[in-house]
Amino acid sequence: MSETDNLIQIATDARLCSLAPFSNFLVGAALRTEAGKVFTGCNIESASYGLTVCAERVAIWKALSECEQDFNDLVVVVDAEELTPPCGTCRQIIWEYCKHAKITLANLKGQSEVVDIRELLPKAFDARFLADTHRP
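A short tour of the structure in this document, coming up.

Conventions and cut-offs
- Residues numbered from 1 in each chain as written.
- Predicted model: local features only at pLDDT ≥ 70, side-chain atom pairs only at ≥ 80, totals over all residues.
- Heavy atoms only, no water.
- Pairing = 2+ DSSP bridges.
- Helix = DSSP H or I, 4+ residues; strand = E, 2+ residues; numbered from the N terminus.
- Axes fitted to C-alpha atoms, helices over the stretch in contact; angles between N-to-C directions.
- Contact = heavy atoms within 4.5 Å.
- Salt bridge = Lys/Arg side-chain N within 4 Å of Asp/Glu carboxyl O.
- Buried < 20%, exposed > 50% of the residue type's maximum accessible area, 1.4 Å probe, protein only.
- 1 Å grid on protein atoms, 1.4 Å probe; cavity = no way out; pocket = protein on both sides within 12 Å on 5 of 7 lines; lining within 4 Å.
- Points joined across faces, edges and corners; volume = space filled by probe spheres on them.
- Nonpolar A, V, L, I, M, F, W, Y, C, P; charged D, E, K, R; others polar.
- Right-handed = clockwise from strand over helix to strand, strands pointing away.

Digging into the sheet that holds strand E1 (residues 27-33)
Read across the open sheet, the five strands follow the order E2-E1-E3-E4-E5; overall the sheet is mixed. Each edge of the open sheet is held by one strand with a lone partner, namely strand E2 (38-42) and strand E5 (112-115). Geometrically, the sheet is characterised by an average inter-axis angle of 20° between neighbouring strands, direction not taken into account. Bridging between strand E4 (residues 102-107) and E5 involves four bridges; their strand directions are antiparallel. When the bridges of E5 are listed, isoleucine 103 appears paired with valine 115. Contacts between helix H1 (residues 3-15) and the sheet are confined to E1, E2, strand E3 (71-78), E4 and E5, with E1 contributing the most and set at about 135° to the helix. Packed onto the sheet, helix H2 (residues 55-65) meets E1, E2 and E3 and runs at close to 140° relative to E2.

Brief notes about the pattern of salt bridges
Once the charged atoms of two side chains with opposite charge are near each other, the side chains can pair. Counted by the stated rule, this structure contains nine salt bridges. Between aspartate 126 and lysine 99 there is a salt bridge; the shortest N-O distance is 3.7 Å. Of this pair, aspartate 126 sits in the segment after helix H4 (117-120) while lysine 99 sits in the loop between helix H3 (88-98) and E4, and the two are 27 residues apart along the sequence. A relative accessible area of 9% places aspartate 126 in the buried class. The closest approach of N and O atoms between aspartate 126 and arginine 128, which form a salt bridge, is 2.7 Å. Shared partners join several salt bridges into a network, and the residues in it are Glu3, Arg32, Asp73 and Lys102.

Description of the layout of surface pockets
Reported here for the largest pocket is a volume of approximately 200 Å³. Those elements that provide at least two residues to the lining of the largest pocket are H2 and E3. Among the residues forming the lining of the largest pocket, the class breakdown is 11 nonpolar, four polar and two charged.

Quick notes on the pairing of E3
The buried fraction of E3 amounts to seven of the eight residues, a majority that puts the element mostly inside the structure. Taken together, the seven bridges between E1 and E3 define a ladder with antiparallel strand orientation. The residue of E3 that forms the bridge with glycine 28 is valine 77.

Topic: the pairing of E4
In summary, the side chains of a regular strand alternate between the two faces of the sheet. Along E4, five of the six residues are buried, which leaves the element largely enclosed by surrounding structure. As judged from the six bridges shared by E3 and E4, these two strands associate in the parallel manner. Within E4, the position partnered with valine 75 by the bridge is threonine 104. Assessed by its sense of winding, the connection that carries the chain from E3 through H3 to E4 is right-handed. Here E4 folds back onto E5, and the loop between the two strands holds four residues, one of which, glycine 110, carries a positive phi near 90°.

In C-alpha cells form, the structure reads like this:
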C-alpha cells in the first residue's frame, strides 16, 4: 500500500467521526507532517451554520496546536460521485499553512486526484500583502 493509499484509508476512517446532522455530507481528512506524524479531521456541523468546521481545518488546527508546521500531504475523502475540492475558507487556510503539501482528493469509490493549492486558489491573499500596510 502506498503512502497516499494509507492516508486515504486514514481519512476514510476519520470521516466516520463526522457530525453532519444537517447536510449528511461526511468528510474526512488526513494531514501528514514532514516527520511522518498524521493528524486527522472530520467535519462538524452546528445548528448555527456559520460555526460549522470542515475536516481539512480540523486536521490543520490539530496539527498546528501541537506545534507541527511542516506538512507533506493532505488527503480529503468524501462519499460523492464527483471528487470534491475544499471550500473557499479551507483553501485559504491550506494556502497559509500547507501550501507545499500534496493535496489528494478522494472518494469512497476508489477515485483520487492530486491537485495543487495554486490551482484551487490562484492569486491567494496572505501575509505578504500585510507587510506594506501603513498604520497611523
